[in-house]
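Tertiary structure, described
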Amino acid sequence: MKLDRKDILKALETITIAGEGKNMVESGAVKNVLIFGNEVTVDLVIATPAMHIKKRAEDDIKKLIHEKFSSDVIVKVNIKVEAVAAENPNQIKGKAIPGIKNIIGVASGKGGVGKSTVTANLAVSLVKMGFSVGILDADIYGPSMPIMFDVESAKPISVSIDGKSKMKPVESYEVKILSIGFFTSPSQAVIWRGPMASKALNQMIFDADWGELDFMLVDLPPGTGDIHLSIVQALPITGVVIVSTPQAVALADAKKGVSMFMSDAINVPVLGIIENMAYFTPEELPNNKYYIFGKEGAKNLAEDLEVPFLGEVPIVQSIREAGDFGRPAAMQADSVTQKVFEEITRNVVREVVSRNENLPATEAVKITTMAGCSAVKKK
């Protein structure tokens, strides 16, 4: 079989380097393809020095050429790492997903503070306000959105967009949703290392037909780890919302979450803090408030960190019941919870508008070997 350079370049258009939205030909990573008889040499330039990224790129190229052309072809891949020159060496300009206007991360330093519940209710409140909304459930190890939107048994279907196969998000209550929970059984644990989880996220981000969205909400896992870095590397996040209870233990972790996003290496705007489980009011004593987890802790944290306070959500039994039944509480007409989430959602939208008017577009982050460390020196 005679090898043709154009055919090999066309084949390489099907491979994407981890963490990038474009294929390796379109992104300019493939610098040259040389053919000498039965030998193919591919010269590749990438921006990430990570060994697993380089190894995966090399393995993907060899596997593709052997499968598409012949297993007898001798494939050599020369990989050179070149840092992208930019004003800030920790950042590169990100490319937004076509059709998605705003990407909002919903984060918490600590688990169990109701972050996913807040995300679900923000989504349906935005829909009621007339916005088109999607949710990316980025909590790979504890996906909650299929339960909260009553679509546990749903499966994304494959659609063809411009000749490419894409996942069509599951839709519930006019919210488009993608979650790893759609691809695993409810009792199945996701036992993945960071790179595999990041790969799954990239597929849900770039291999999906999200269509036109005013807002994509990204339900992030607790902590400040691999998934958060993968998201800020892959997407130009408009801003993040932090969810915390008033409890001191939760606030300590929420403060770390804010610190991560506001750091020089990440530099994603913090739109504000939401206080969940703020107080409890018994039905028989509507004028009483019991501050079970402390009083106004998240509000005080917002003031200390000089970020907006977006509102407080009381402890209401119907919020928990609505989440378990798969119908977010903000959909309950003329209820206390509907009014609470509508007010918080208006505050979020206000902060997004203000952020877009006063700050330049967020860039996707390029994580260097020193990023995230306090030892990074500023020029």
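Preceding block: the structure.
Residues numbered from 1 in each chain as written. Predicted model: local features only at pLDDT ≥ 70, side-chain atom pairs only at ≥ 80, totals over all residues. Heavy atoms only, no water.

Time to look at helix H9 (residues 317-325). Of all the residues in H9, the buried ones are Ser-318, Ile-319, Ala-322 and Gly-323. Summarising the axial view, the buried residues of H9 lie within an arc of 135°, below the 170-degree limit, and thus occupy one face. In this structure, H9 carries Gln-317 and Phe-325 as exposed residues pointing more than 90 degrees from its buried face. For H9, the elements touching its buried residues are helix H3 (115-128), helix H4 (145-148), strand S13 (309-315) and helix H10 (336-358). (Buried < 20%, exposed > 50% of the residue type's maximum accessible area, 1.4 Å probe, protein only. Helix = DSSP H or I, 4+ residues; strand = E, 2+ residues; numbered from the N terminus. Arc of directions from axis to C-beta. Contact = heavy atoms within 4.5 Å.)

The next subject is the pattern of salt bridges. Taken as a whole and assessed by the stated rule, the structure comprises ten salt bridges. Ionic pairing is found between Glu-58 and Lys-62, a salt bridge with its closest N-O pair at 3.1 Å. Linking Glu-58 with Lys-62, this pair stays in helix H2 (residues 51-68), spanning four residues, or about one helical turn. Assessed through its relative accessible area of 27%, Lys-62 is described here as partly exposed. (Salt bridge = Lys/Arg side-chain N within 4 Å of Asp/Glu carboxyl O.)

So, about the packing of helix H1 (residues 5-12) against H2. Their axes nearest at 10 Å, the elements H1 and H2 cross at an angle of 125°. Taken together, H1 and H2 sit at an angle that is classed as oblique. Handedness of the crossing formed by H1 with H2: right-handed. Touching Ile-8, Ala-11 and Leu-12 of H1 are Ile-61, Leu-64, Ile-65 and Lys-68, all from H2. A class-by-class count of the residues in the contact of H1 with H2 yields six nonpolar, no polar and one charged. (Axes fitted to C-alpha atoms, helices over the stretch in contact; angles between N-to-C directions. Parallel < 35°, antiparallel > 145°, perpendicular 65-115°, else oblique. Left-handed = near helix turned anticlockwise from the far one by under 90°. Nonpolar A, V, L, I, M, F, W, Y, C, P; charged D, E, K, R; others polar.)

With that out of the way, let us pick up a nonpolar patch on the surface. A cluster of nonpolar side chains, namely Phe-280, Leu-285, Tyr-290, Ile-292 and Phe-293, defines an oily patch on the protein surface of about 420 Å² accessible area. Its location among the elements puts Leu-285 in the loop between strand S12 (270-280) and helix H8 (297-305). (Patch = residues over 30% accessible without salt bridge, like charges linked within 9 Å, V, L, I, M, F, W, Y side chains within 5 Å. Areas by Shrake-Rupley, 256 points an atom, 1.4 Å probe, with all protein chains shown as cover.)

Before going further, it helps to spend a moment on the environment of Lys-110. The topology assignment puts Lys-110 in the loop between strand S4 (100-107) and H3. A residue is classified by how much of its surface remains accessible, and Lys-110, at 31% relative accessible area, is partly exposed. Residues Lys-110 and Gly-257, 147 residues apart in the sequence, show an inter-C-alpha distance of 8.9 Å.

Packing of helix H7 (residues 248-262) against H8 brings their axes to within 11 Å, and their N-to-C directions diverge by 35°. Handedness of the crossing formed by H7 with H8: right-handed. Across the interface between the two elements, Leu-251, Ala-254, Lys-255 and Val-258 from H7 touch Gly-297, Ala-298, Leu-301 and Leu-305 from H8. Of the residues belonging to the contact of H7 with H8, the class tally is six nonpolar, one polar and one charged.

Given 3.6 residues per turn, any residue in an α-helix points the same way as the ones three and four places further on. When the terminal C-alpha atoms of H10 are compared, their 33 Å separation across 23 residues agrees well with the 33 Å that a helix rising 1.5 Å per residue should span. Residues of H10 that are buried: Thr-337, Gln-338, Val-340, Phe-341, Ile-344, Thr-345, Asn-347, Val-348, Val-349, Glu-351, Val-352 and Arg-355. (Expected span 1.5 Å × (residues − 1).)

On to the side chain of Arg-355. Following the sequence through the fold, Arg-355 ends up in helix H10. At 2.6 Å, the side chain of Arg-355 forms a polar contact with the backbone oxygen of Thr-238. Apart from residues lying up to four places away in sequence, Arg-355 is in contact with Thr-238, Pro-269, Leu-271, Pro-360, Ala-361 and Thr-362. (Polar contact = N/O pair within 3.5 Å; in protein donor to acceptor, adjacent residues only side chain to side chain.)

The next point concerns unusual backbone geometry. Apart from glycine, the bulk of residues carry a negative phi angle, and the bulk of peptide bonds sit in the trans form. With a phi close to 55°, Asp-162 is a non-glycine residue in the positive phi region. Residue placement: Asp-162 occurs in the loop between strand S6 (157-161) and strand S7 (164-168). The class for Asp-162 is exposed, based on a relative accessible area of 77%. Despite not being glycine, Glu-296 shows a phi value in the positive range, around 55°. Assignment of secondary structure puts Glu-296 in the loop between S12 and H8. Judged by relative accessible area, which is 29%, Glu-296 ranks as partly exposed.

In this structure the tally under the stated criterion is three aromatic pairs. Ring centres 5.1 Å apart and planes at 90° place the aromatic pair Phe-131 and Phe-215 in the edge-to-face group. On the criterion of sequence distance, the pair formed by Phe-131 in the loop between H3 and strand S5 (133-137) and Phe-215 in strand S10 (residues 213-219) is long-range, its members being 84 residues apart. Just above the ring of Tyr-279 sits the side chain of Lys-289; from NZ or CZ to the centre is 4.4 Å. (Phe/Tyr/Trp six-rings, centres within 6.5 Å; stacked < 30°, edge-to-face > 60°. Lys NZ or Arg CZ within 6 Å of the ring centre and 35° of its normal.)

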